[in-house]
Amino acid sequence: MGKIIDFLMARDGLSYEEAEREAKSGLAYIECAIMDGDYTVAEEALDDVFGMEPESLSAW
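In this report, we go over the structure that sits alongside the text.

Basis of the calculations
- Residues numbered from 1 in each chain as written.
- Predicted model: local features only at pLDDT ≥ 70, side-chain atom pairs only at ≥ 80, totals over all residues.
- Heavy atoms only, no water.
- Core = buried A, V, L, I, M, F, W, Y, C linked by side-chain atoms within 4.5 Å.
- Buried < 20%, exposed > 50% of the residue type's maximum accessible area, 1.4 Å probe, protein only.
- Helix = DSSP H or I, 4+ residues; strand = E, 2+ residues; numbered from the N terminus.
- Contact = heavy atoms within 4.5 Å.
- Axes fitted to C-alpha atoms, helices over the stretch in contact; angles between N-to-C directions.
- Parallel < 35°, antiparallel > 145°, perpendicular 65-115°, else oblique.
- Left-handed = near helix turned anticlockwise from the far one by under 90°.
- Nonpolar A, V, L, I, M, F, W, Y, C, P; charged D, E, K, R; others polar.

## Quick notes on the nonpolar core
Part 1: Core analysis: the largest hydrophobic core is formed by 12 residues, namely Ile 4, Ile 5, Leu 8, Ala 19, Ala 23, Ile 30, Ala 33, Ala 42, Ala 45, Leu 46, Phe 50 and Met 52.
Part 2: Going through the elements one at a time, helix 1 (2-12), helix 2 (16-35) and helix 3 (39-50) are the ones with two or more residues in this core.
Part 3: Excluding residues within four positions of it along the chain, Ala 19 makes contact with Ile 5, Leu 8, Met 9 and Leu 14.

## Section: the packing of helix 2 against helix 3
Part 1: At a minimum axis distance of 8 Å, the contact between helix 2 and helix 3 shows a crossing angle of 165°. Considering their axes alone, helix 2 and helix 3 lie roughly antiparallel with respect to each other. Two packed elements cross with a definite hand, and for helix 2 against helix 3 that hand is right-handed. Contacts between helix 2 and helix 3 involve Glu 22, Ala 23, Gly 26, Leu 27, Tyr 29, Ile 30, Ala 33 and Ile 34 from the former and Tyr 39, Val 41, Ala 42, Ala 45, Leu 46, Val 49 and Phe 50 from the latter.
Part 2: Here the residues of the contact of helix 2 with helix 3 are counted per class, giving 13 nonpolar, 1 polar and 1 charged.

The values are spatial; any link to function lies outside them.
In structure tokens form, the structure reads like this:
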């Protein structure tokens with residue numbers, strides 16, 4: 001999760017604590033969508049929360 005926190009800090013100018021909170025919240029939301037089998041919501045949340053396309057996860 002460190003790379004996501006670093007990314008959010010650089011992109012949004014967040015403090016470490018703010019970025020960590022946003023990362024945890026966003027990842028929990030995406031995880032819930034996946035557990036519910038709603039991959040469309042998970043993809044949309046990835047874009048909405050992190051501004052990332054699913055293909056960009058391979059870089060992490």
